[in-house]
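Observations on the three-dimensional arrangement
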Amino acid sequence: MIRIRSYTLMILALGLASCAFGQDFKVFSTYVQAHEGGGQRVLVMETDGRRFSIGSPKLYGSKIQPNDRKIVFTSTLCASVMTIRFTTNYAGKLPPRDNLRDEVAAKYPAASLVSSRVCYTDYGQGQYFELFQPTSGNLMLKMRDAYVAVPEGSVEFTLSCNGSDYDKQKLYFARLLNSFRCVPEDAKRNL
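Residues numbered from 1 in each chain as written. Predicted model: local features only at pLDDT ≥ 70, side-chain atom pairs only at ≥ 80, totals over all residues. Heavy atoms only, no water.

This next bit is on the overall build of the chain. Regarding its fold elements, the chain presents 4 helices and 11 strands. Across the 191 residues in the chain, those meeting the buried criterion constitute 42%. Accessible surface, the chain: about 10500 Å² in total, of which carbon and sulfur atoms supply 54%. (Helix = DSSP H or I, 4+ residues; strand = E, 2+ residues; numbered from the N terminus. Buried < 20%, exposed > 50% of the residue type's maximum accessible area, 1.4 Å probe, protein only. Areas by Shrake-Rupley, 256 points an atom, 1.4 Å probe, with all protein chains shown as cover.)

Positionally, R41 belongs in strand β2 (residues 39-47). Note on R41: relative accessible area 17%, which makes it buried. Taking the C-alpha atoms as reference points, R41 and I54, 13 residues apart in sequence, are found 8.8 Å from one another. Within the structure, the side chain of R41 is placed 3.3 Å from the side chain of S29, a separation counted as a polar contact. Reaching out from R41, the side chain makes a polar contact with the side chain of S56 at a distance of 2.6 Å. (Polar contact = N/O pair within 3.5 Å; in protein donor to acceptor, adjacent residues only side chain to side chain.)

Looking now at the sheet that holds strand β7 (residues 112-120). Reading across the sheet, the 7 strands line up as β4-β5-β6-β10-β9-β8-β7 and stay open at both edges, with antiparallel pairing between neighbours. Of all the strands in the sheet, the pair left with one neighbour each is β4 (60-65) and β7. Recorded for the sheet is a direction-independent mean angle of 15° between the axes of neighbouring strands. When β4 meets strand β5 (residues 70-75), the two strands line up antiparallel, connected through 6 bridges. Counted as the bridge partner of I64 is I71 from β5. Along the sheet face, helix α2 (residues 97-107) touches β7, β8 (125-135), β9 (139-150) and β10 (153-162) and points at about 30° away from the line of β8. Across the sheet, helix α3 (residues 166-179) lies against β4, β5, β6 (80-87), β7, β8, β9 and β10, angled at about 160° from β10, the strand it touches most. (Pairing = 2+ DSSP bridges. Axes fitted to C-alpha atoms, helices over the stretch in contact; angles between N-to-C directions. Contact = heavy atoms within 4.5 Å.)

A separate point is the sheet that holds strand β11 (residues 181-182). Within the open sheet, the 4 strands sit side by side as β1-β2-β3-β11. Their pairing is antiparallel. Whereas interior strands pair on both sides, the edge strands pair on one side only; in this sheet they are β1 (25-33) and β11. Bridging between β1 and β2 involves 9 bridges; their strand directions are antiparallel. Within the sheet, the bridge partner assigned to Y31 lies in β2 and is R41. Most of the contacts of α3 go to strand β3 (residues 50-55), to which it runs at about 150°, and overall it touches β3 and β11.

Our focus in this paragraph is the packing of aromatic side chains. Applying the stated criterion across every chain yields a total of 11 aromatic pairs. When the centroid spacing of 5.3 Å and the interplanar angle of 10° are considered together, the rings of F52 and F180 count as stacked. Residue F52 is found in strand β3, and its partner F180 is found in the loop between α3 and β11; the two are separated by 128 residues along the sequence. Looking at F180, the relative accessible area reads 0%, which means it is buried. Ring-pair connections join several aromatic residues into one group, and the members of that group are F25, F52, F86, Y123, F157 and F180. Sitting above the plane of the F132 ring, K142 keeps its charged end 4.7 Å from the centroid. (Phe/Tyr/Trp six-rings, centres within 6.5 Å; stacked < 30°, edge-to-face > 60°. Lys NZ or Arg CZ within 6 Å of the ring centre and 35° of its normal.)

Written out as structure tokens, the structure reads:
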């Protein structure tokens, strides 16, 4: 319990530190009650005058990189990393799926593009690509690279995981995607 409190305080301090340096990307942690009972720790990201929230994945630590407008979640149990990055690419609308696929393939030239599908968040629909990339020692790195358009650009969600843990970790990644939402104006006062 003490570890969770200190972790929450650390996230809050990092968010406040980014405010102090005048960054346009601020992150803080809060706890929200669920309608079904209980609650959940969420990260609130403020950028370009909007606030977005996302459920913090269980059993993952987080590191905020305000200069890159990025949050990196690292699993405490396995070789798995999830990132969220806000960009100015594709403002308001993603490019056609084939164009986006070509850009993702160029971004990961050593990987094989396995599939492409629509993904859903609480904010709206996006597109994800599943890639497999061989690494040294005959290991396989499996990735999901997802994109969701927002008015000022897009949000990129990436899961990178070793092959043996991939099936379980992609469920955590789906939960992360599903929890992404824009915080309504009236709710901002309560945060």
